[in-house]
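The chain contents come next:
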Amino acid sequence: MKTNFSTLTLEETLQSSETSVTTRVIPSFIYASVFASFCIAVGLQWDISWHMSVGRDGLFSPPHLAIYLGAIVSGIFSGIKVLKTSFWGSLQEKQETIKFWGIFHGSLGAMFCIWGAFAMLTSAPFDDWWHNTYGLDVKILSPPHAVLGLGMIVIQFGALISVIAVQNRLGNNLQDKAKTHLHWLYAMSSGFLLVMGYTFFAEYFFLSRQHHVLTYQVAMAALPILMVSVAYASPYKWGATKMAIVYTLLMAGMVWVLPLFPAEPKLSPVYNYITRFQPFHFPFILIVPAMVIDLIISKWKSRNKWVLAAALSLGFVISFVPAQWYFAELQMSEFGRGWFFGRYSYPYWANPDSPYRYIFHPEYISRGWDLVKGLGIAALIGLITCRLGLAWGNWMSQVKR
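Quick caveat, the model's predicted, so the values are computed rather than measured.

K.L.:
Tell me about the environment of Val42, and please be specific about residues and values.
P.N.:
Topologically, Val42 is positioned in helix 2 (residues 28–53). For Val42, a relative accessible area of 18% corresponds to the buried category. In this structure, the C-alpha to C-alpha distance between Val42 and Phe29, residues 13 residues apart in sequence, is 20 Å. Not counting chain neighbours up to four residues away, the residues in contact with Val42 comprise Leu250 and Met254.

So this is what it looks like as structure tokens:
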């Protein structure tokens, strides 16, 4: 009887130990960082919609609070993790981190999150002063927005690096539950980063311009570097595709959810009288090139990086341009003007009777040789960004701290 009791106790102890190991594998600051990245992505889409529907409404408007919540959560959780490791961590814990300023120990992802939080929070009064001095936004990339955007991107990058570092460090020693958590944290953190990458260059992605080569040249400069790096570093299948799915669901979800809430302009002039939030862009159809990226990398990952970059760039252009070209036509047509694509959305300061509201602007249509030459330039731009994405992905696949 005594022997049986001891065996059961030992098994229970082992099970308890395994459970505690599982829960300790993924530090809480990583969950917090990914949540912060989500807050930033949602707050950013909401803020743009706020400017389209309500106008400028102070430093502590609800979308701003959502964005700042992301900065505060990532900064506090990452800061506590760094302080805890620096002053109360074991020798092994310190060896798994990087050392800076002689006394602090922390993971690279946590460092990025802390720096990004400081940049975002310091940009807030700068942004408020800018608006009070120069008035309404005339463009997304104003100086304070650039500082804010840089801080947001750094936090989102820090969240992604934090996830991949744990995956790289523990490898096959992960239990199934922890591996599943990391799998989805990687997909979500990369998808939120893609939302930021798209929004940063959204001035070139207006629907009325999507039959002009400049849209695709800017897209090739901004998007492949993110998608290729995530796909190359991903220890899971279909890394870029899952990233694109998260991006699509978040941006489309904002198009579907925001109009459910009332809003009215608080600044003049008001040319378009609205009573609901006007959502921002419906997402690019990036799932198509993402699948091509995953297939090419899975087949030719070990090939020469420049050859692989050329294949990725051509694959991206050949799959993305026709898909988005005709998807834009669908959104411009009568079939695309319902709630699903948010085509009714129009800022309060814009003339609702504009002749270019439901057609491609004639100054932004490329045809013939100009189209062929422009897409060739886009492919060359893509060659460079895909090569940079491969280098970045190779670096991420080796990060363990």
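From this point on, the discussion continues.
K.L.:
Any details on the packing of helix 7 (residues 176–200) against helix 9 (residues 224–233)? Residues and values, ideally.
P.N.:
At a minimum axis separation of 10 Å, helix 7 and helix 9 run at an interaxial angle of 165°. In this view, helix 7 runs roughly antiparallel relative to helix 9, as classed from their interaxial angle. Every pair of crossing elements has a handedness; the one defined by helix 7 and helix 9 is right-handed. When helix 7 is examined against helix 9, the residues Tyr186, Ser190, Leu193, Leu194 and Gly197 are found in contact with a partner set consisting of Leu226, Met227, Val230 and Ala233. When its residues are assigned to classes, the contact of helix 7 with helix 9 shows seven nonpolar, two polar and no charged.

K.L.:
So what's going on with helix 8 (residues 213–222)? Which residues, and what values?
P.N.:
The buried fraction of helix 8 amounts to eight of the 10 residues, a majority that puts the element mostly inside the structure. Buried residues of helix 8: Val213, Thr215, Tyr216, Gln217, Val218, Ala219, Met220 and Ala222, and no others. Close packing links the buried residues of helix 8 with helix 9, helix 12 (305–332) and helix 13 (368–396).

K.L.:
How would you sum up the pattern of salt bridges? Please name residues and give values.
P.N.:
Two side chains that carry opposite charge are able to pair once their charged atoms sit near each other. One pass over the structure, following the stated rule, counts one salt bridge. In this structure, Glu334 and Arg337 form a salt bridge, with 3.4 Å as the shortest nitrogen-oxygen distance. Note on Arg337: relative accessible area 31%, which makes it partly exposed.

K.L.:
Can you break down the packing of helix 8 against helix 12 residue by residue, with the values?
P.N.:
Closest axis-to-axis distance for the helix 8/helix 12 pair is 11 Å, and the angle between their directions is 135°. Between helix 8 and helix 12, the angle falls in the class oblique. Considering only the axes of helix 8 and helix 12, their crossing is right-handed. For the pair helix 8 and helix 12, contact is made by Tyr216, Ala219 and Met220 and by Ser313, Phe316, Val317, Phe320, Val321, Gln324 and Trp325, respectively.

K.L.:
Could you give me a rundown of the domain arrangement of the chain, with the residues and numbers involved?
P.N.:
Per the domain assignment, the segments making up the chain are domain 1 (26–203) and domain 2 (205–400). Taken over C-alpha atoms, the centre of domain 1 sits 22 Å from the centre of domain 2. Each partner contributes residues to the interface: domain 1 has 44 residues there, and domain 2 has 48 residues. Approximately 4,000 Å² of surface area, both sides summed, lies buried where domain 1 meets domain 2, with 74% of it carried by carbon and sulfur atoms. On the domain 1 side of the interface with domain 2, the three residues burying the most area are Met52, Leu194 and Tyr198, jointly 21% of the side's total. Taken together, the connections running from domain 1 to domain 2 amount to zero salt bridges. At the boundary of domain 1 with domain 2, the tally comes to 14 residue pairs in polar contact (both at pLDDT 80 or more). Secondary-structure elements contributing two or more residues to the side of domain 1 that touches domain 2 are helix 2, helix 6 (143–170) and helix 7. Residue contributions to the side of domain 1 that touches domain 2 peak at 15 residues, all from helix 7.

K.L.:
Please set out helix 2 residue by residue, giving values where relevant.
P.N.:
A rise of 1.5 Å per residue sets the reference length of helix 2, with its 26 residues, at 38 Å; its end C-alpha atoms lie 37 Å apart and thus fit the reference within 8%. Burial analysis of helix 2 places 21 of its 26 residues in the buried class, the great majority of the element. Gly55 sits one or two residues past helix 2 and shows a positive phi near 100°.

K.L.:
How would you sum up unusual backbone geometry? Please name residues and give values.
P.N.:
For residues that are not glycine, phi is negative in most cases, and the peptide bond is trans in most cases. Even without being glycine, Trp238 reaches a positive phi, approximately 60°. Mapped onto the secondary structure, Trp238 falls in the loop between helix 9 and helix 10 (239–257).

K.L.:
Outline the state of the cysteines, supporting the account with residue identities and numerical values.
P.N.:
Summed over the entire model, instances satisfying the criterion amount to zero disulfides. Free cysteine: Cys39, not disulfide-bonded; nearest cysteine sulfur from Cys113 at 13 Å.

K.L.:
Which residues make up the side chain of Thr248, and what values do they have?
P.N.:
Locating Thr248 in the fold gives a position in helix 10. Owing to a relative accessible area of 19%, Thr248 belongs among the buried residues under this scheme. Beyond its immediate chain neighbours, meaning those up to four positions away, Thr248 contacts Gly253, Pro283, Phe284 and Ile287.

K.L.:
Could you give an account of a nonpolar patch on the surface, with specific residues and numbers?
P.N.:
A cluster of nonpolar residues, Trp256, Val257, Leu260, Phe261, Trp339 and Phe340, forms a patch on the protein surface that exposes about 650 Å² of accessible area. By relative accessible area, which is 58% here, Trp339 ends up exposed.

K.L.:
Hey, could you go over the packing of aromatic side chains for me, with residue numbers and the actual values?
P.N.:
Given two aromatic rings, their pairing is described by the distance between the two centres and the angle made by the two planes. Summed over all chains, the structure comprises 26 aromatic pairs. Considering the side-chain rings of Tyr198 and Phe284, the 5.1 Å spacing of their centres and the 85° angle between planes classify their relative orientation as edge-to-face. A residue pair is termed long-range when its members are at least 10 positions apart, and Tyr198 in helix 7 and Phe284 in the loop between helix 10 and helix 11 (287–300) qualify at 86 residues. A residue is classified by how much of its surface remains accessible, and Tyr198, at 0% relative accessible area, is buried. An aromatic cluster is built from Tyr198, Phe205, Tyr216, Tyr247, Phe284, Phe316, Phe320 and Trp325, whose rings are joined through pairwise contacts. In this structure, Lys301 packs its charged tip against the face of Tyr232, placed 4.8 Å from the ring centre. Above the ring of Tyr358, the side-chain terminus of Arg337 is found at 4.0 Å from the ring centroid.

Basis of the calculations
- Residues numbered from 1 in each chain as written.
- Predicted model: local features only at pLDDT ≥ 70, side-chain atom pairs only at ≥ 80, totals over all residues.
- Heavy atoms only, no water.
- Helix = DSSP H or I, 4+ residues; strand = E, 2+ residues; numbered from the N terminus.
- Buried < 20%, exposed > 50% of the residue type's maximum accessible area, 1.4 Å probe, protein only.
- Contact = heavy atoms within 4.5 Å.
- Axes fitted to C-alpha atoms, helices over the stretch in contact; angles between N-to-C directions.
- Parallel < 35°, antiparallel > 145°, perpendicular 65-115°, else oblique.
- Left-handed = near helix turned anticlockwise from the far one by under 90°.
- Nonpolar A, V, L, I, M, F, W, Y, C, P; charged D, E, K, R; others polar.
- Salt bridge = Lys/Arg side-chain N within 4 Å of Asp/Glu carboxyl O.
- Domains from an automatic or database assignment.
- Buried area = accessible area lost by both parts, 1.4 Å probe.
- Polar contact = N/O pair within 3.5 Å; in protein donor to acceptor, adjacent residues only side chain to side chain.
- Expected span 1.5 Å × (residues − 1).
- Disulfide = S-S within 2.5 Å.
- Patch = residues over 30% accessible without salt bridge, like charges linked within 9 Å, V, L, I, M, F, W, Y side chains within 5 Å.
- Areas by Shrake-Rupley, 256 points an atom, 1.4 Å probe, with all protein chains shown as cover.
- Phe/Tyr/Trp six-rings, centres within 6.5 Å; stacked < 30°, edge-to-face > 60°.
- Lys NZ or Arg CZ within 6 Å of the ring centre and 35° of its normal.

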